[in-house]
Amino acid sequence: MVGKLSTSGVIFSSWRKCGFFCLSILREFWVIIDTGSSDLWVASVYCQSPSCCEYMDLLCWQLHTGHMTPKMSTTFQCKWRKLDLHYGFGKITGVLASETIRIGTAVAKNQTIGLTKSKIGGFLENSPYDGVLGLAYPSLTRREANPLFDNLKRQGVISQPVFALFLSSWPQKSSLLLLGGVDHAYHKGDLKWVPVTQAHLWQIAVDRISINKMVVACSGGCQAIVDSGSSVLAGPTQVVRNIFKHTKPNPKEKSQSLISCDRSKALPPIIFTINGMDFPVSPKYYLQKVSKDICFISFHGGTEDRSPSETWILGDIFLRAYFTVFDWGNYRLSLAPSV
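Owing to the predicted nature of the structure, the values given are computational and were not obtained by experimental measurement.

Peer 1: Got a minute to help me understand the overall build of the protein in this structure?
Peer 2: Along the backbone of the protein there are six helices and 26 strands. For the protein, with 339 residues in total, the buried portion stands at 55%. Of the contacts formed within the protein by residues at least 6 apart in sequence, a portion of 63% connects residues at least 24 apart. A total accessible area of about 14800 Å² is found for the protein, and carbon and sulfur atoms account for 50% of it.

As structure tokens, this is what we get:
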């Protein structure tokens, strides 16, 4: 998910477009909203990566991809502590600072923010976004960094220690990040609560994963991370291959993940049983069109190096299907079908 922040005013209206402002310089940033990390960072004038240099001469208040320019802010304080963050798609290096941040109508003072010196990795180097806003638990932050949501909570800016995500599947309907409360207009039926197994990531226990009443993964139970920073559903490589076999995709060329789009209606839902409750994900969500006739099944392998070995990543594919409430105060999250 992406949103808009600024160092002086923010509107969250599009999942892949979210921003914040530096209050004293009225600078707007577009950042990825990531429940799989806790740090907040943006590109800065210190950054020497090609993707940074392209915009190096832009002034801080210009409304296009730009950079944090510390000398233009009256509330900026640099801590000059090293920042080194690793992601699945690359890494960034930089320094820590503090600034006044506004997101929507909420203002966080003395907010720790990372300023990049380099961005390494294909996605980071070519990303149209200015940075990342992490919404995982504080235990995941680096050094003296305090997560933005934790800061809003401590400063009494939000009334409840919860936030909610609605990821729209329709171009005409905006996606939303809701801070400090829940809007029940964005889901159908009752919210179903699930305990968090580790107050680190938004990690939960999954009972099993099934297709057509047959268990195809997670037969003895497994763990899953609800991660808005990921666009796919991911699991151990061999397990994902097994799921492809059960969906009988009639693969195009050598890829098991490519199928004829006209077969999409014949594909079954993938059912995640969580805390004794079934959460089906239909082809409507896990198929993506790559051309007029060819669709892509959005399951990826690669999580086998995590501990425990069968860990799943429930990314945007899952979050499109389910309105999700993240309850910091009670170490739980809740799910209900999105409208």
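Still more ground to cover, so stick around.
Peer 1: I keep staring at the sheet that holds strand 15 (residues 214–217) and nothing clicks. Help me out?
Peer 2: Neighbouring strands of a sheet are bound in pairs by backbone hydrogen bonds; such pairs are parallel or else antiparallel. Taken in spatial order, the four strands line up as 15-14-19-20 in an open sheet, and their pairing is antiparallel. Pairing within the sheet leaves two strands with one partner each, and these edge strands are strand 15 and strand 20 (277–281). Strand-to-strand twist of the sheet, defined as the mean angle between neighbouring strand axes without regard to direction, takes the value 35°. Alignment of strand 14 (residues 208–211) against strand 19 (residues 270–274), held across three bridges, turns out to be antiparallel. Residue pairing for strand 19: S210 is matched across the bridge by I271.

Peer 1: Explain the packing of aromatic side chains here, please?
Peer 2: By convention here, two paired aromatic rings are described through the distance between centres and the angle between planes. This structure, assessed with the given rule, holds 15 aromatic pairs. Ring centres of F272 and W312 lie 6.3 Å apart, and the angle between their planes is 80°; this geometry places the pair in the edge-to-face category. Note that F272 is positioned in strand 19 and W312 in strand 24 (residues 311–314), a separation of 40 residues in sequence. With relative accessibility at 1%, the residue F272 sits in the buried group. Taken together, Y137, F149, F163, W202, F326, W328 and Y331 form an aromatic cluster joined through their ring pairs. The ring of F279 carries K192 above its face, with NZ or CZ at 5.9 Å from the centroid. Directly above the ring of W193 sits R332, whose terminal nitrogen or CZ lies 3.6 Å from the centroid.

Peer 1: Honestly, the state of the cysteines in this entry has me stumped. Any pointers?
Peer 2: A covalent bond between the sulfur atoms of two cysteines is referred to as a disulfide. Using the criterion set out here, one finds two disulfides in the structure. Disulfide pairing places C218 opposite C222 at an S-S distance of 2.1 Å. Sign of the S-S torsion, about -110° for the bond between C218 and C222, identifies this disulfide as left-handed. Exposure remark for C218: the relative accessible area of 1% places this residue in the buried category. Note that C261 is cross-linked by a disulfide to C295, the S-S spacing being 2.2 Å. Negative torsions about the S-S bond denote left-handed disulfides, and the value of about 110° found for C261 with C295 makes this one right-handed. Residue C261 is found in the loop between strand 18 (258–260) and strand 19, and its partner C295 is found in strand 22 (residues 294–297); the two are separated by 34 residues along the sequence. Both residues of the pair, C261 and C295, belong to the buried class.

Peer 1: Just checking my understanding: could you explain the nonpolar core for this structure?
Peer 2: Nonpolar side chains in soluble globular proteins tend to end up buried together. Core analysis: the biggest nonpolar cluster contains 75 residues, and W202, F299, W312 and F318 have the highest contact counts within it. Grouped together as the second largest cluster of nonpolar side chains are 10 residues, Y186, L191, F323 and V325 included.

Peer 1: What's the story with unusual backbone geometry in this structure? I'm lost.
Peer 2: A negative phi holds for most residues other than glycine; trans holds for most peptide bonds. The omega angle of the peptide bond from S307 to P308 is 0°, so this bond is cis rather than trans. Looking at where P308 falls in the secondary structure, it is placed in the loop between strand 23 (299–300) and strand 24. Unusually for a residue other than glycine, C218 sits at a positive phi of about 60°. By the element assignment, C218 lies in the loop between strand 15 and strand 16 (222–226).

Peer 1: How should I be thinking about the side chain of S210 in this particular structure?
Peer 2: Structurally, S210 can be placed in strand 14. Among all residues touching S210, those that are not within four sequence positions of it are V215, V216, P269, I270 and I271.

Reading the values: the criteria
- Residues numbered from 1 in each chain as written.
- Predicted model: local features only at pLDDT ≥ 70, side-chain atom pairs only at ≥ 80, totals over all residues.
- Heavy atoms only, no water.
- Helix = DSSP H or I, 4+ residues; strand = E, 2+ residues; numbered from the N terminus.
- Buried < 20%, exposed > 50% of the residue type's maximum accessible area, 1.4 Å probe, protein only.
- Contact = heavy atoms within 4.5 Å.
- Areas by Shrake-Rupley, 256 points an atom, 1.4 Å probe, with all protein chains shown as cover.
- Pairing = 2+ DSSP bridges.
- Axes fitted to C-alpha atoms, helices over the stretch in contact; angles between N-to-C directions.
- Phe/Tyr/Trp six-rings, centres within 6.5 Å; stacked < 30°, edge-to-face > 60°.
- Lys NZ or Arg CZ within 6 Å of the ring centre and 35° of its normal.
- Disulfide = S-S within 2.5 Å.
- Core = buried A, V, L, I, M, F, W, Y, C linked by side-chain atoms within 4.5 Å.

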